[in-house]
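One-letter residues, chain by chain:
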Amino acid sequence: MNNLLHNTLTRNTAKILTGNVLAQIISLIIYPILSRLYSPDDFGVLNVFCSIGGIFIILATCEYQNSIVIANKNAEASACLHLTLIINIIVSSFVALTILFAKPISEFFNVPALAHWYFLLPVYIFFFALWNILQHWYIRKKLFGEIGKYQVSLSTSNAILKSGFGYFGQTSFGLVLSMTVSPIIAIGISIGVHFKHIKELFLTNTTHIKDAAKKYSNFPKYATPRMLMHYLISSLPILMLSPEFSAYEIGILGMAMTLAGKPINILTTTMFTPLFQRISEMVNKNIAITPTIRKIIIFILAVTIPFFIILYFILPDLTLWLLGNEWRESGELIRFMLPYFASVLVTSTLNFIPDIFQKQKITLLFEIVNLIICTIALSIGIAYSDFKTGVLLYYLSYTLIWVCEGVWIYHLVSVYDKQLAK
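Residues numbered from 1 in each chain as written. Predicted model: local features only at pLDDT ≥ 70, side-chain atom pairs only at ≥ 80, totals over all residues. Heavy atoms only, no water.

> Mind laying out the overall build of the protein chain, listing which residues take part and the relevant values?
From N to C terminus, the protein chain includes 18 helices and zero strands. What you see for the protein chain is a C-alpha radius of gyration of 21 Å, in line with the 22 Å of a compact globule of 422 residues. Its C-alpha atoms give the protein chain principal-axis dimensions of about 60 × 45 × 40 Å. Taken across its 422 residues, the protein chain has 54% of its residues classed as buried. Counting only contacts in the protein chain whose residues sit at least 6 apart along the sequence, the fraction spanning at least 24 positions is 84%. Only carbon and sulfur atoms are counted for the fraction: they give 69% of the accessible area of the protein chain, which is about 18,700 Å². A gap of 15 Å separates the mean positions of the 29 positive and 20 negative side-chain charges of the protein chain. (Helix = DSSP H or I, 4+ residues; strand = E, 2+ residues; numbered from the N terminus. Rg over C-alpha atoms; globule rule 2.2 N^0.38 Å. Buried < 20%, exposed > 50% of the residue type's maximum accessible area, 1.4 Å probe, protein only. Contact = heavy atoms within 4.5 Å. Areas by Shrake-Rupley, 256 points an atom, 1.4 Å probe, with all protein chains shown as cover. Lys, Arg positive; Asp, Glu negative; His and termini not counted. Charge placed at Lys NZ, Arg CZ, Asp CG, Glu CD.)

Right, dumping it as structure tokens:
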């Protein structure tokens, strides 16, 4: 126990976990209020807005933010950060031009109300991408406590804004505006309090930026398409089902994805962040990593499987009690997602490993296969006009691919350790 408490990885994980747990508590407290202030149709508008924005958030960094952590020297890391900032500005500006087509885009997704709030999309994209960049700089500097503080600031401001707008009857506009403004507030707090840690970011030149773009070109070549496909697959139920089914059904599904996905994302981020830094450091020092990875996998499965079995039997009633009568179906949909989230907790926590070993090309192939299979699964539900069947087939397909990718990642780790032993 003494070794565990004084372990650097444990301490860094605890710093992030503290902030993330507080952020999650805030979210859980506020959702019973929000579900009574906003209708499923309002959340349907928000889900489509965020699904579109998420695609461009990935393009706004081209995954170069990962090179900030991997770079050998601070000067090179700073150049990588400047490179991602430039890309972010370009992509956000391009999205601003699409405001001219807000109405036809909204009609395509069968959410006419989206046209009124589409002008917020480039702002939403820029600041979420900006945080992705700053977060990786904090990881490099081992400022894990600051990541937790951002999460708390984001959740708190989001909860206050959504509650306030909902109370005054601003419906879907309140949800979209809150999602846009809250990261601005959280980033402002982070930069304002810890400016001394980021002022060195301004020290670089054009040559270094060009060199960084060339050296880490695998990220835009392979990692960006991979992450783009990964996000597309994750958002596929919203993007494919919204033109065919009502905003009400999309809102129910979106709530299920949020209630189940948010804590899972927080847990994976909590473990991913210090592990990324630690495993990168171990590989740079030629240290075996299999024992660490094996312990992480065993721990996750030992906790997850019994907990999810209990959840399966209580989810519909729990959702009914937590959110109100309109939302019981969300609990039923979360049942379909449990095997998927169990596989995500393992594989997503370790998905930085292919980046460390420059295996982005293979992970891209995984995403291509996944996109094809999941599209077919949802198409079956659409063909039979059966919303729940489409969702169930989608999550079963997705689970299968996650398990296969997890096995491959563990194989990479084993091969690396065997090569060290030679």
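> Before we move on, can you summarise the packing of aromatic side chains with the specific residues and values?
Following the criterion strictly, the structure yields 24 aromatic pairs and no others. For the ring pair tyrosine 340 and tyrosine 398, a centre distance of 4.7 Å and an interplane angle of 35 degrees mean the geometry is tilted. Of this pair, tyrosine 340 sits in helix α15 (residues 328-347) while tyrosine 398 sits in helix α18 (residues 387-421), placing them 58 residues apart in sequence. Here tyrosine 340 and tyrosine 398 have matching classes, each one buried. (Phe/Tyr/Trp six-rings, centres within 6.5 Å; stacked < 30°, edge-to-face > 60°.)

> Run through the pattern of salt bridges, naming residues and quoting values.
Oppositely charged side chains may form a pair once their charged atoms are brought near each other. Applying the stated criterion across every chain, the model contains five salt bridges. Its salt-bridge partner being glutamate 76, residue lysine 215 comes within 2.9 Å of it at the nearest N-O pair. With lysine 215 in helix α11 (residues 206-215) and glutamate 76 in helix α5 (residues 74-97), this pair connects stretches of sequence that are 139 residues apart. Between arginine 328 and aspartate 317 there is a salt bridge, with the nearest N and O atoms lying 3.3 Å from each other. Placement of the pair is arginine 328 in helix α15 and aspartate 317 in helix α14 (residues 290-323), with a sequence separation of eleven residues. Salt bridges sharing partners connect three or more residues here, namely Asp317, Arg328, Glu332 and Lys388. (Salt bridge = Lys/Arg side-chain N within 4 Å of Asp/Glu carboxyl O.)

> So what's going on with the environment of glycine 251? Which residues, and what values?
For glycine 251, the location among the structural elements is in helix α13 (residues 247-284). When the C-alpha atoms of glycine 251 and phenylalanine 307 are compared, they prove to be 26 Å apart, with 56 residues separating the residues in sequence. Not counting the four nearest positions on each side in its chain, glycine 251 is found in contact with Pro40, Phe43, Gly44, Asn47 and Trp327.

> Which residues make up helix α12 (residues 218-241), and what values go with them?
Compared with an ideal rise of 1.5 Å per residue, which puts 24 residues at 34 Å, α12 spans 33 Å between its outermost C-alpha atoms and is within 8% of the ideal. Taken as a whole, α12 carries its principal kink of about 60 degrees at serine 235; the proline proline 237 stands between one and four residues after it. (Expected span 1.5 Å × (residues − 1). Bend = angle between axes of the 7 residues up to and from the residue.)

> Tell me about the layout of surface pockets, and please be specific about residues and values.
In this structure, the second largest pocket encloses a volume near 400 Å³. Taken together, 17 residues make up the lining of the second largest pocket; nearest its centre are Val69, Ile70, Ser280, Glu281 and Asn284. In terms of residue count, α13 provides more of the lining of the second largest pocket than any other element does, five residues in total. Here the residues of the lining of the second largest pocket are counted per class, giving seven nonpolar, five polar and five charged. (1 Å grid on protein atoms, 1.4 Å probe; cavity = no way out; pocket = protein on both sides within 12 Å on 5 of 7 lines; lining within 4 Å. Points joined across faces, edges and corners; volume = space filled by probe spheres on them. Nonpolar A, V, L, I, M, F, W, Y, C, P; charged D, E, K, R; others polar.)

> So, unusual backbone geometry: which residues are in play, and what are the values?
Phi is positive for cysteine 62, which is not a glycine, with a value near 55 degrees. Within the secondary structure, cysteine 62 is located in the loop between α3 (40-59) and α4 (65-70). With a phi angle near 65 degrees, glutamate 63 is a residue other than glycine that sits in the positive phi range. With respect to the secondary-structure elements, glutamate 63 resides in the loop between α3 and α4. Looking at glutamate 63, the relative accessible area reads 6%, which means it is buried.

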